[in-house]
Amino acid sequence: MGQQTVDPVIAGWAAGFRPVRDGEYFPPHSPGCVGCGPANPHGLHLAVRRHGEGVQAEHTFDDRHTGAPGVAHGGAVAMAFDDLFGFLLYLLGELAVTRDLRVSYLAPVRLNAAYMLRADHGARVGRRIPVSAELRNHDNVVVATAEATFVVVDTHHFTRAAGR
Ligand SMILES: CCCCCCCCCC(=O)SCCNC(=O)CCNC(=O)[C@H](O)C(C)(C)COP(=O)(O)OP(=O)(O)OC[C@H]1O[C@@H](n2cnc3c(N)ncnc32)[C@H](O)[C@@H]1OP(=O)(O)O
């Protein structure tokens, strides 16, 4: 590393994740994370908690994430899923990144309405971790689903990506 400064967020990930009890909220990936960071004014501000061996979040998309009038942009919905998957890593104790993400949009996701997100992981195979998630409306109807493959990386992946 020499004289280079290690990003404190990456250093924190490298130090490992603290245990989180069932029902407890996780810390954000970073203060500026567009999915969950409280300091990002453009972000979703997802608040994610442990639910058994999975994770869940209540979320309301707002006008900042408009696609068609009154409807959440599909990219914003995909971002919510992708960020939610990132919290499964806290449970797994692995550093990993999204290699692919497939979203099925089954019904429009309305703005300013509460939804429930839930994600679970499968068993790691090689460096691959399969994950899946659902988005349900207040009537408990599934309006979108997602599947992704996360690939396990080491901290150098993030320091390289950050140009450090
Ligand atoms: C706590 C940490 C929180 C982090 C923040 C979370 C935020 C939310 C999640 C994100 O937004 S992550 C950011 C978006 N993703 C990226 O920026 C990743 C960009 N891609 C890469 O850097 C590389 O492609 C990657 C590190 C993922 C893989 O490159 P490698 O050269 O290291 O691996 P390789 O391509 O050889 O494939 C690794 C494994 O994945 C498998 N694989 C590759 N593509 C696949 C595919 N499409 N489907 C299934 N498996 C696949 C491949 O067969 C192999 O399996 P095995 O290890 O079992 O042999």
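Residues numbered from 1 in each chain as written. Predicted model: local features only at pLDDT ≥ 70, side-chain atom pairs only at ≥ 80, totals over all residues. Heavy atoms only, no water.

If you tally the helices and strands in the protein chain, you get three helices and six strands. For 164 residues, the compact-globule formula gives about 15 Å, and the C-alpha radius of gyration of the protein chain, at 16 Å, lands near that figure. Taken along its principal axes, the extent of the C-alpha atoms in the protein chain is 55 × 35 × 30 Å. Burial analysis of the protein chain (164 residues in total) assigns 37% to the buried set. Counted over contacts in the protein chain with a minimum sequence separation of 6, partners at least 24 positions apart contribute 62%. When the accessible surface of the protein chain is totalled, it reaches about 8,800 Å², and 53% of it is carbon and sulfur. (Helix = DSSP H or I, 4+ residues; strand = E, 2+ residues; numbered from the N terminus. Rg over C-alpha atoms; globule rule 2.2 N^0.38 Å. Buried < 20%, exposed > 50% of the residue type's maximum accessible area, 1.4 Å probe, protein only. Contact = heavy atoms within 4.5 Å. Areas by Shrake-Rupley, 256 points an atom, 1.4 Å probe, with all protein chains shown as cover.)

The subject of this paragraph is the packing of aromatic side chains. According to the stated counting rule, one finds six aromatic pairs in the structure shown. With a centroid separation of 4.7 Å and an interplanar angle of 15 degrees, the aromatic rings of Phe17 and Tyr90 are classed as stacked. On the criterion of sequence distance, the pair formed by Phe17 in the loop between helix 1 (8–14) and strand 1 (49–51) and Tyr90 in helix 2 (residues 74–92) is long-range, its members being 73 residues apart. In textbook terms, an aromatic cluster arises when at least three aromatic residues are bridged by ring pairs, as seen for Phe17, Phe26, Phe87 and Tyr90. (Phe/Tyr/Trp six-rings, centres within 6.5 Å; stacked < 30°, edge-to-face > 60°.)

Structurally, the position occupied by Ser104 is in strand 3 (residues 96–105). Residue Ser104 is classed as partly exposed on the basis of its relative accessible area, which comes to 34%. For the pair Ser104 and Glu147, spaced 43 residues apart in sequence, the C-alpha separation works out to 8.8 Å. Residues in contact with Ser104, not counting those within four places in the same chain, are Val143, Ala144 and Thr145.

If you check UniProt for "domain: Thioesterase" (unreviewed entry), the listed places come out as residues 70–139 in our numbering. Within residues 70–139, the helical portion is 27% and the strand portion 39%, while the C-alpha atoms at the span's ends are 19 Å from each other. (UniProt positions renumbered as here; feature names shortened; annotations may be inferred.)

Let us now look at the site of the ligand. Looking at the ligand, there are 18 residues lining it, with Asp82, Arg99, Asp100, Arg127 and Arg128 nearest. Between the ligand and Thr98 there is a distance of 3.0 Å, counted from a nitrogen atom to a backbone nitrogen or oxygen. The separation between a nitrogen atom of the ligand and a polar side-chain atom of Asp100 is 2.9 Å. Taken by itself the ligand offers 1,200 Å² of open surface, and the protein chains cover 59% of this. Looking at the shell around the ligand, the elements that each hand over two or more residues are helix 2, strand 3 and strand 6 (142–152). Looking at which element gives the most residues to the shell around the ligand, the answer is strand 3, with four residues. Considering only residue class, the shell around the ligand consists of eight nonpolar, five polar and five charged. (Near = heavy atom within 4 Å. Polar contact = N/O pair within 3.5 Å; in protein donor to acceptor, adjacent residues only side chain to side chain. Nonpolar A, V, L, I, M, F, W, Y, C, P; charged D, E, K, R; others polar.)

Strands sit in the order 1-2-4-5-6-3 across an open sheet of six strands; the sheet is antiparallel. Both outer strands of the open sheet, strand 1 and strand 3, are each paired with one neighbouring strand and no more. Strand-to-strand twist across the sheet, computed as the mean angle between neighbouring axes with direction ignored, equals 25 degrees. Bridge analysis of strand 1 against strand 2 (residues 54–60) gives three bridges, and the strand direction is antiparallel. Residue Arg50 lies in a different strand from strand 2, and its bridge partner there is Val55. Lying over the sheet, helix 2 contacts strand 1, strand 2, strand 3, strand 4 (114–121), strand 5 (128–136) and strand 6, oriented at roughly 135 degrees with respect to strand 3. (Pairing = 2+ DSSP bridges. Axes fitted to C-alpha atoms, helices over the stretch in contact; angles between N-to-C directions.)

Across the protein chain, pLDDT averages 94, with 96% of residues at or above 70. In the predicted assembly, ipTM is 0.89 and pTM is 0.94. (pLDDT = per-residue confidence, 0-100.)

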